[in-house]
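Listed below are the residues making up each chain.
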Amino acid sequence: MEPSEMARKVVALDLPREALWTALALVAVLNVLLLSGLQMVSPAPVAFQESVFALAPFAYVSIMGIFLALLVVGIYYVGTLMGGTGTLVATLAIIVWFQSISLTLEAIQLVLVLVSPAIASIFGMLSLGALLWCFVNFVNVLHGYNNLGKAIIAIVLSLISTAMIAGILLAILGVGPVGGAA
C-alpha cells in the first residue's frame, strides 16, 4: 500500500549481492512458468494462434533473464547519471522485490482466468497500473530523487536502453521467434 516505505525497507535489508542475483534468476524462471500457464488457460487472440510466436522455454527464460539483468544495470546507471544515489545492489534488491510483487499479481490473474477471462483482463489492467505506480516510487526512493517526474524519466530511458541492448544480445545469441512460414 505504501510503495515508497516498502522500497526503503527492501534497501535497508542489505541482502548479499549473490543472493539477489540468484533471486533474480529465480523470478525470471517463475515468471516464465506463470506466463506459460496463463497462455495455456487464456483464450488466445486469432492473430497469436499460429506457432510463429512460439518460443522454447529456454528462449523465454533467456529473454526474461537478460532483460531483467539489463534492467537492473540500466536503472542503476541511468539513475546515477541523472544524479541518483542508488547502488547496484540496492537496484538489484528493488527489481527482485518488484518482480516478486508482479509474480504474485500474475498468479492471482491466472486463477481469475479460470473463473472469468473478462475479470482476469480487468484485474490485469488494474495490476499494471498498480505496478507502474510502485515502480516509479521504488526508483524515486532508490535514487533519492524526491521527484516522481525524474523517476519516470529515469525509467523510460532505462527501458529504452535495456530494450535496445537486449535486442542486440538476443539476436547475437540467436534467440527469437521460431517457424515463420507464412
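Look up a bit, the structure's there.
Summary of the structure given here. (Residues numbered from 1 in each chain as written. Predicted model: local features only at pLDDT ≥ 70, side-chain atom pairs only at ≥ 80, totals over all residues. Heavy atoms only, no water.)

### Things to note about the layout of surface pockets
Leftover empty space is mapped by rolling, across the atoms, a probe with the size of a water molecule. Inclusion rule: Using only the protein atoms, space was sampled on a 1 Å grid; points where a 1.4 Å probe fits but cannot get out form cavities, open sets with protein on both sides within 12 Å along at least five of seven lines form pockets, and lining residues are those with an atom within 4 Å of a point. Grid points are joined across faces, edges and corners, and a volume is the space filled by probe spheres set on the points. Secondary structure counts use DSSP, requiring at least four H or I residues in a row for a helix and at least two E residues in a row for a strand, with both numbered from the N terminus. Amino acids are sorted into nonpolar (Ala, Val, Leu, Ile, Met, Phe, Trp, Tyr, Cys and Pro), charged (Asp, Glu, Lys and Arg) and polar (every other residue, Gly among them).
Within this model, the second largest pocket holds a volume of roughly 210 Å³. Taken together, Met-1, Glu-2, Pro-3, Met-6, Trp-97, Ile-101, Leu-105, Ala-130, Leu-131, Trp-133, Cys-134 and Phe-138 form the lining of the second largest pocket. Of all the elements in the fold, those that place two or more residues in the lining of the second largest pocket are helix 1 (3-12), helix 4 (88-115) and helix 5 (117-143). Looking at the lining of the second largest pocket, the element that brings in the most residues is helix 5, giving 5 residues. A breakdown of the residues in the lining of the second largest pocket according to their chemical character gives 11 nonpolar, no polar and 1 charged.

### So, the nonpolar core
For clarity, the cut-off: Residues grouped as a nonpolar core are buried Ala, Val, Leu, Ile, Met, Phe, Trp, Tyr and Cys residues, joined through side-chain atoms within 4.5 Å. A simple rule labels every residue: compare its accessible area, found with a 1.4 Å probe on the protein chains alone, to the largest value its type can have, and call it buried under 20%, exposed over 50%, or partly exposed in between. Only heavy atoms enter the contact rule, under which two residues are in contact if any of them lie within 4.5 Å.
Counting 39 residues, the largest nonpolar core has Leu-24, Leu-68, Ile-75, Ile-95, Phe-135 and Val-139 as its most contacted members. Listing elements by their share of this core, those giving two or more residues are helix 1, helix 2 (17-41), helix 3 (57-81), helix 4, helix 5 and helix 6 (148-173). Take this core: its biggest share by element is 11 residues, from helix 4. When near neighbours in sequence (up to four residues on either side) are disregarded, Ile-95 contacts Leu-24, Leu-68, Leu-71, Val-72, Ile-75 and Phe-135.

### Let's talk about the environment of Gly-65
Tracing the backbone shows Gly-65 in helix 3. Note: C-alpha distance between Gly-65 and Asn-31 (34 residues apart in sequence) is 9.9 Å.

### Thoughts on the packing of aromatic side chains
Here is the rule we go by: Note on aromatic pairs: the rings of Phe, Tyr and Trp (six-membered ring only in Trp) are paired at centre separations within 6.5 Å, and the planes decide the class, stacked below 30 degrees, edge-to-face beyond 60, tilted for the rest.
Counted under the stated rule, the structure contains 3 aromatic pairs. Seen from their ring centres, Phe-98 and Phe-135 are 4.7 Å apart, and the 40° between their planes marks the pair as tilted. One end of the pair, Phe-98, is in helix 4; the other, Phe-135, is in helix 5, with 37 residues separating them in the sequence. Neither residue differs from the other here; Phe-98 and Phe-135 are each classed as buried. Taking 6.5 Å as the distance between ring centres and 85° as the angle between the ring planes, the aromatic pair formed by Phe-98 and Phe-138 counts as edge-to-face. Residue Phe-98 is found in helix 4, and its partner Phe-138 is found in helix 5; the two are separated by 40 residues along the sequence.

### Focus on the pattern of salt bridges
For clarity, the threshold we go by: Only one rule defines a salt bridge in this text: a Lys or Arg side-chain nitrogen within 4 Å of an Asp or Glu carboxyl oxygen.
One pass over the full model with this rule turns up 2 salt bridges. In this structure, the salt-bridge partner of Arg-8 is Glu-5, at a minimum N-O distance of 3.8 Å. Placement of the pair is Arg-8 and Glu-5 together in helix 1, with a separation of 3 residues, close to one helical turn. With a relative accessible area of 44%, Arg-8 lands in the partly exposed category. A salt bridge links Arg-17 to Glu-18; the nearest nitrogen and oxygen atoms lie 3.4 Å apart.

### What to know about the side chain of Gln-109
Position of Gln-109 relative to the elements: it lies in helix 4. You can call Gln-109 buried: its relative accessible area is 18%. Sequence-distant contacts of Gln-109, defined by excluding residues within four places in its chain, comprise Leu-38, Ala-120, Phe-123 and Gly-124.

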